[in-house]
Amino acid sequence: MKKKLYQIILLVVLFFTIHFVNAQEDLVFSSLNTYNIKNISNIISFEEGYIFTSYDNNNTTIYKYNQNDTLKSSKQIENLKNSKIIKYNNNIMVIGITENTLKIYLLDYNLQIKKQLKTSYIVNYKTNLQLYNYNNKIYIMLIEDGILSDNNLYEIDENFTISIKNLSSIDSNNVKEILKGDYYLLHFNSNIESSMETSNYLSTTYLEEKYILVGNRTYENDLKEKGLITIVDKNGNKLVDEINDKYISYQAVEIVKNRIIILANNEEKKSFILTYNFDGTLLSEVEIKNDLNNQYITDMYKLANKLVFTIPYQEGDIKEESYLILYNYNLSINKENSAYGTINIDENALPYTKVFFDILPNSGYEIDNISIKDYQGKIIETSENSFIMPENDIILSVTYKESIVNPETIDLITLIFISVFIIATITIKLYKKMSWLK
């Protein structure tokens, strides 16, 4: 009964807190839901809903929910520590550590196991796994204590075979794409670290030409950890590098619409939602009230048009549990207006739905190019004046050019005009001559 009361209090407080935060930033959230789940791991979304993994009683369980947050199915597999999931070719791949070796499962979206692979690679069971999907292959990075454990990537190809790729053997541009997620800055340590300071990056996201990293920083003369946001360009040059000593850690970061949303924790075991502009300007800091014994909110995920927070909670001798909190926000379709034409399209859409648009060039102009990108710079493919809405706001822009009439058509029109003129002139002259004769 007491736990249930805690859950209700948390639900109500978060509901009003989040609405207050986003009223300032024009982010409107609704349909808040909360769940009590054992030891939740990372989450992915797909067209029908979302999938996450949970570890309990020496087993890993995969849960599948629909877009209405209703549990549809679950699948229990063997003990996988630090398991992570990733989308791969209309399937999901589950990767974890069992008996200090990498173990890999391939499942469809109905959670049916299609393949499994136990590797021969020895891995510390405390190692954190980071997964990346690039060029139809899955890459695994091994992270220990916030740093890359070695210079190797583990590559899984389309035949479900695994091999080791040394970072130095992969083209640098490919490395940047593979590592555009967490811990990207490890490859720029020589540019950003010094003997006087230590930066520990816990979470990363990216824009088209920028990488946003958050974590904490300590200095040699002051061992206190301080919240840190660093923004670099694709060459590793720092654009923003700011600490906030009100917090001991910036725990997670996501791009939500046209804002940077950061989960931050302070020394008093309180958690906050921070909102930043893309130029690194801090816009708001609002506490998330947490009455569950002042437990930190440890993780934040974005899936479809939802934000997800997880809160570990333990009461007395009860085994640790996690509260999974989800709420929705609207995705916007933004169009760049032009004096040379008109774009007709809805202003909002749900993720994975098909969106139609119509472009009407003004007289004397025609369409030159259509560009659709999300706020992270990802190009959205179009087909017959339609596209599939991604998990982010999009920008639709159109360039126009003056209409060019076919020269052959011009020659034909000119010839017809001249012919008509000559015939008309001759006809008039003949008529006048005939009238004179009469």
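Sequence order as written defines residue numbering, which begins from 1 separately in each chain. Only residues with pLDDT of at least 70 are given local features in this predicted model, and only at 80 or more are side-chain atom pairs given and counted; all residues enter the totals for whole chains, interfaces and linings. Computation of side-chain values: all heavy atoms of the structure, hydrogens and water removed.

(A) Here's a closer look at the sheet that holds strand β16 (residues 210–219). Strand order in this open sheet of 4 strands is β15-β16-β17-β18, and the pairing throughout is antiparallel. The open sheet has two free edges, formed respectively by β15 (197–206) and β18 (238–244), since each of these has just one partner strand. With strand direction ignored, the average angle separating the axes of adjacent strands in the sheet is 20°. Judged from the 9 bridges that link them, β16 and strand β17 (residues 222–233) form a sheet pairing that is antiparallel. Bridged to Val 214 within β17 is Ile 229. Note on pairing: two strands pair once DSSP finds at least 2 bridges between them. For helices the rule is a DSSP run of H or I covering at least 4 residues; for strands it is a run of E covering at least 2, with both sets numbered from the N terminus onward. To get an axis, a line is fitted to the C-alpha atoms, and for a helix only the part in contact is used. The angle between two axes follows their N-to-C directions and goes from 0 to 180 degrees.

(B) Broad picture of a nonpolar patch on the surface. Taken together, the side chains of Phe 417, Ile 418, Phe 421, Ile 422 and Ile 426 present a nonpolar region at the surface, about 530 Å² in accessible area. You can see Ile 418 is positioned in helix α4 (residues 407–437). Nonpolar side chains (Val, Leu, Ile, Met, Phe, Trp, Tyr) within 5 Å and like charges within 9 Å form the patches, drawn only from residues with over 30% relative accessible area and no salt bridge. The Shrake-Rupley method, run with a 1.4 Å probe, gives the accessible areas here. Residue values count only the displayed protein chains as cover. Salt bridges are identified by distance alone: a Lys or Arg side-chain nitrogen within 4 Å of an Asp or Glu carboxyl oxygen.

(C) Focus on the nonpolar core. Among the buried residues, those of types Ala, Val, Leu, Ile, Met, Phe, Trp, Tyr and Cys that are joined through side-chain atoms within 4.5 Å form a nonpolar core. Buried residues are those whose accessible area, probed at 1.4 Å on protein chains only, stays under 20% of the maximum for their type, while exposed residues exceed 50% and partly exposed ones sit between those limits. Ranked by internal contacts, the top residues of the largest apolar core, which has 30 residues, are Ile 333, Ile 345, Phe 387, Met 389 and Ile 394. Every element with two or more residues in this core is listed here: β19 (249–256), β20 (259–265), β24 (306–313), β25 (321–329), β26 (331–335) and β33 (394–402). In terms of residues, this core owes the most to one element, β33, which gives 4 residues. Note on contacts: a residue pair qualifies if any of its non-hydrogen atoms lie within 4.5 Å across the two residues. Filtering out sequence-adjacent residues up to four positions away, Ile 394 remains in contact with Ser 332, Ile 333, Asn 334, Ile 372, Lys 373, Asp 374, Ile 380, Phe 387 and Met 389. Ranked by size, the runner-up nonpolar core spans 19 residues in total, among them Ile 95, Ile 104, Leu 106 and Tyr 121.

(D) The sheet that holds strand β6 (residues 81–88), seen in detail. Strand order across the open sheet formed by 4 strands is β6-β7-β8-β9, with antiparallel pairing between neighbours. The open sheet terminates on both sides in strands that have one partner only, identified here as β6 and β9 (113–122). Between one strand axis and the next, the sheet turns through 20° on average, direction left out of account. Bridging between strand β8 (residues 101–107) and β9 involves 6 bridges; their strand directions are antiparallel. Within β9, the position partnered with Thr 101 by the bridge is Ile 122.

(E) Region of the structure containing the packing of aromatic side chains. Each Phe, Tyr or Trp ring (for Trp, its six-membered ring) is paired with any other whose centre lies within 6.5 Å, and the angle between the two planes then decides the class: stacked below 30 degrees, edge-to-face above 60, tilted in between. This model, assessed by the stated rule, comprises 11 aromatic pairs. Note on Tyr 247 and Phe 272: the rings are 5.2 Å apart at their centroids and 70° apart in plane angle, and the pair reads as edge-to-face. One end of the pair, Tyr 247, is in the loop between β18 and β19; the other, Phe 272, is in strand β21 (residues 271–276), with 25 residues separating them in the sequence. Per residue, the accessibility class of Tyr 247 equals that of Phe 272, and both read buried.

(F) Region of the structure containing the pattern of salt bridges. In this structure the tally under the stated criterion is 10 salt bridges. The salt bridge involving Glu 48 is made with Lys 64; its shortest N-O contact spans 3.5 Å. Linking Glu 48 in the loop between β2 (40–46) and β3 (49–56) with Lys 64 in strand β4 (residues 59–66), this pair joins segments that are 16 residues apart in sequence. Across the pair Asp 241 and Arg 217 runs a salt bridge, and its minimum N-O distance is 2.8 Å. Here the residue Asp 241 occupies a position in strand β18, and Arg 217 occupies one in strand β16, the gap between them amounting to 24 residues. On the basis of relative accessibility, which here comes to 2%, the residue Arg 217 falls in the buried class. A cluster of three or more residues bridged by salt bridges with shared partners is formed by Arg 217, Lys 238 and Asp 241.

(G) Structural view of the side chain of Asn 91. Among the structural elements, Asn 91 can be located in strand β7 (residues 91–98). Overall, Asn 91 belongs to the buried group, its relative accessible area being 9%. There is a polar contact of 3.2 Å between the side chain of Asn 91 and the side chain of Lys 114. What Asn 91 contacts, discounting residues up to four positions off in sequence, is Ile 86, Leu 106, Leu 107, Asp 108, Tyr 109 and Lys 114. Here a polar contact is taken to be a pair of N or O atoms separated by no more than 3.5 Å, where protein atoms must pair a possible hydrogen donor with a possible acceptor and residues adjacent in sequence count only if both atoms sit in side chains.

(H) Just the environment of Ser 163, in detail. Mapped onto the elements, Ser 163 comes out in strand β14 (residues 162–166). Residues Ser 163 and Tyr 121, 42 residues apart in the sequence, show an inter-C-alpha distance of 9.6 Å. Here Ser 163 is in contact with Tyr 121, Leu 153, Tyr 154 and Glu 155, once residues within four sequence places are set aside.

(I) Region of the structure containing the pairing of β26. Strand direction decides the pairing type here: β26 and strand β28 (residues 348–349), joined by 2 bridges, are antiparallel. Bridging from a neighbouring strand, Ser 332 pairs with Asn 348 of β28.

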